[in-house]
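The residues making up each chain are set out below.
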Amino acid sequence: MEIVYVYVKKRSEFGKQCNFSDRQAELNIDIPPNPELAEQFVERNPVDTGIQCSTSMSEHEANTERFEMETRGINHVEGGWPKDVNPLELEQTIRFRKKVEKDENYINAVLQLGSIMEHCIKQNNAIDIYQEYFDDEDAVEVTDEAPSAKTINVFRDPQEIKRPATHVSWYPDGNRKLAVAYSCLNFQRAPEGMSNESYIWDLENPNRPEITLKPSSPLVTLEYNPKDSHVLLAGCYNGQIACWDTRKGSLVAELSTIEFSHRDPVYGTIWLQSKTGTECFSASTDGQPTKFMVGTEQGVVISCNRKGKTPAEKIVCTFSGHHGPIYALQRNPFYPKNFLTVGDWTARIWSEDSRESSIMWTKYHMAYLTDGAWSPVRPAVFFTTKMDGTLDIWDFVFKQCDPALSLKVCDEALFCLRVEDNGCFIACGSQLGTTTLLEVSNGLCTLQRNEKNMASAIFERETRREKILEARHREMRLKEKGKAEGRDDELRDEPPVLNLEELVTKAEEEFFDIIFTELKKKEAEAMKKQPKSLKQPSQDTDEEVQGEEEAEEERGDGEGEEGGSGESPALGGQP
């Protein structure tokens, strides 16, 4: 017989101890049958019974023990040295190495291990296990599948007082983790008791953050070091630059002093490409940037040259096009001449060859745009987030007027987004500190056939069109300037003006002439508006006077004939 399971119980849980002993059986009670009760028995016929044809089933619940995982770091320290040798002293270590190298056992061990190592090296040279055999194959065009995206995980802020997620950074080694910075950017409106902590999340465990970062001031931006995945660079709300080494715990490893820090919140930090991988750059609103292409709060993009010696050489050019602050600026990973900016209600694509206007732009949305980024695998795809919680995915090869996919991620505003290196996963941070992980369809993260050539052709075509429009506008401005200069010359050629008294006299005459003219017009209009009843008596009177004058003329004519005088009195003529 095999023992399947052993039930174990503590002695203290059994209660009072029982004492057993052997004795004879005893009859405590005996109830004999009663015939009178048997007469009262009624047989039930027929009997109705309900039955089920399905199999009887039961449901049970059981709680299993939860398997908890925890990650811990180990610091390896150089060891193996004798007690009399200090590993920090270079001379002692060199002296000990020379001593060991002269030992015969050391030489034999090296010769023995050398043959094994040589065999492994030859084996690696013969077969490359990391070789990509189908790297040069043309990309498969995926056009049948409609653009789509789905939510993979949601990482919520564990604090009771929720804070906006202001920046997201992917773990550089395998994209297994996500670093999220939390900060309230409303000046002097942060609630009391708000935490300063930011977190590093494991993508497979959204219930609890893997590492908690504890700064002295809330973090606005957070970036992994691409060469050392244990090191993170952060910009604080108080203007300081902080550096973490996750192998040393949650506290800050390095922190800039207040005297040599920014005076405003640090809105951007990046790692520079250098031999050591320890150089970085930070940007804030307390000074004009002089090293990189940056977007300002006035909606202007400034292109700067780090190698310039004078201020004029450092600031190469500016690009103006947005009505408000620029929240995102990124170059196209395939065509660095073209870059994307996000600000106010639009996203714009620029070319360094066209400085007066952007070459492409989205329509004006009803909600404010907050962030944007290019796809790392497709040159024609970029992503934008909006204040209404919507994520828009644009593919201007497929559609230019509207986004290829618009997804409602959450009800609150989205503040930041970051795309994974493979382009399949997108992390979006919201106003309440919720970080949503999304997976897009294969069509949006797979390079299409001839997409690079098509995107390049679109960029070049739009750049040429903008250049033509710029030249046309320049010509029009020159014409307007020439006309204005011609008018200025005509004014210079005019004779000198009269003295002040003549000008005053001339102005008075013109003024009174205008007044008299207006008065005459008003009198004429008043005469026309008089009623006919007032005009009739005057007509009758005129006719009577005219009749009397005609009679007098006849009399005058008769007197003239008699007196021989041909002249009439002074009444002759019209009254």
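Above this text sits the structure in question.
It should be emphasised that the depicted structure is a prediction, and the values quoted were computed from it without experimental measurement.

A look at the pairing of strand E17 (residues 346-351)
Here is step 1 of the chain: Counting buried residues along E17, six of its six residues qualify, which places the element largely inside the surrounding structure.
Here is step 2 of the chain: In this structure, strand E16 (residues 338-343) lies alongside E17, joined through six bridges in antiparallel fashion. Bridge assignment links asparagine 338 to a residue of E17, and that residue is serine 351.
Here is step 3 of the chain: Between E16 and E17, which pair antiparallel and follow one another directly, the connecting turn spans two residues, one of which, aspartate 344, has a positive phi of 45°.

Some remarks on the nonpolar core
Here is step 1 of the chain: Core analysis: the biggest nonpolar cluster contains 17 residues, and Phe383, Leu391, Ile393, Leu417, Ile426, Cys428 and Val440 have the highest contact counts within it.
Here is step 2 of the chain: Looking at this core, the elements with two or more residues in it are strand E20 (381-386), strand E21 (390-395), strand E23 (414-419), strand E24 (425-430), strand E25 (435-440) and helix H5 (442-445).
Here is step 3 of the chain: Element by element, the count of residues in this core is highest for E23, at three residues.
Here is step 4 of the chain: Setting aside chain neighbours within four positions, we find isoleucine 426 in contact with Phe383, Leu391, Arg418, Thr436, Leu437, Leu438 and Val440.
Here is step 5 of the chain: Counting 16 residues, the second-largest nonpolar core is a separate cluster that includes Val342, Ile359, Met360 and Trp374.

Describing the side chain of serine 217
Here is step 1 of the chain: Along the polypeptide, serine 217 turns up in the loop between strand E5 (211-213) and strand E6 (219-224).
Here is step 2 of the chain: A distance of 3.3 Å separates a polar side-chain atom of serine 217 from the backbone nitrogen of asparagine 238.

A word on the sheet that holds strand E14 (residues 315-320)
Pairing between the strands of a sheet comes from backbone hydrogen bonds, and it takes one of two forms, parallel or antiparallel.
Here is step 1 of the chain: Across the sheet, which stays open at both edges, the three strands sit in the order E12-E13-E14 with antiparallel pairing between neighbours. Only two strands of the sheet have a single partner each, and these edge strands are strand E12 (294-295) and E14.
Here is step 2 of the chain: Relative to strand E13 (residues 300-304), E12 is paired through two bridges, and the arrangement is antiparallel. What sits directly across from valine 294, in E13, is isoleucine 302.

What to know about a nonpolar patch on the surface
Here is step 1 of the chain: Taken together, Phe511, Phe512, Ile515, Phe516 and Leu519 make up a surface patch of nonpolar side chains, about 480 Å² in accessible area.
Here is step 2 of the chain: The topology assignment puts isoleucine 515 in helix H7 (residues 500-528).

Re the packing of aromatic side chains
Here is step 1 of the chain: As enumerated under the stated definition, the model contains 14 aromatic pairs in all.
Here is step 2 of the chain: Judged by centre distance (5.6 Å) and plane angle (65°), the rings of tyrosine 182 and tyrosine 199 are edge-to-face. Taken together, the residues span a long stretch of sequence, with tyrosine 182 in strand E3 (residues 177-182) and tyrosine 199 in strand E4 (residues 198-202) at a distance of 17 residues. This pair shows no difference in class: tyrosine 182 is buried, exactly as tyrosine 199 is.
Here is step 3 of the chain: For the pair tryptophan 345 and tyrosine 368, a centre-to-centre distance of 5.4 Å together with 80° between the ring planes defines the contact as edge-to-face. Of the two residues, tryptophan 345 is situated in the loop between E16 and E17 and tyrosine 368 in the loop between strand E18 (360-361) and strand E19 (369-374); the sequence distance between them amounts to 23 residues.
Here is step 4 of the chain: Its end group placed over the ring of tyrosine 171, lysine 177 keeps NZ or CZ at 4.9 Å from the ring centre.

As for the pattern of salt bridges
Here is step 1 of the chain: Under the criterion given, the structure shown has 18 salt bridges.
Here is step 2 of the chain: Where lysine 363 meets aspartate 402, a salt bridge forms, and the shortest distance between an N and an O atom there is 3.0 Å. Here aspartate 402 lies in the loop between E21 and strand E22 (405-408) and lysine 363 lies in the loop between E18 and E19, a separation of 39 residues in the sequence.
Here is step 3 of the chain: The exposure class of lysine 363 is partly exposed, given its relative accessible area of 43%.
Here is step 4 of the chain: One salt-bridge network, in which partners are shared between bridges, spans Arg461, Glu462, Arg465 and Glu466.

Rules used in this analysis
Residues numbered from 1 in each chain as written. Predicted model: local features only at pLDDT ≥ 70, side-chain atom pairs only at ≥ 80, totals over all residues. Heavy atoms only, no water. Buried < 20%, exposed > 50% of the residue type's maximum accessible area, 1.4 Å probe, protein only. Helix = DSSP H or I, 4+ residues; strand = E, 2+ residues; numbered from the N terminus. Pairing = 2+ DSSP bridges. Core = buried A, V, L, I, M, F, W, Y, C linked by side-chain atoms within 4.5 Å. Contact = heavy atoms within 4.5 Å. Polar contact = N/O pair within 3.5 Å; in protein donor to acceptor, adjacent residues only side chain to side chain. Patch = residues over 30% accessible without salt bridge, like charges linked within 9 Å, V, L, I, M, F, W, Y side chains within 5 Å. Areas by Shrake-Rupley, 256 points an atom, 1.4 Å probe, with all protein chains shown as cover. Salt bridge = Lys/Arg side-chain N within 4 Å of Asp/Glu carboxyl O. Phe/Tyr/Trp six-rings, centres within 6.5 Å; stacked < 30°, edge-to-face > 60°. Lys NZ or Arg CZ within 6 Å of the ring centre and 35° of its normal.

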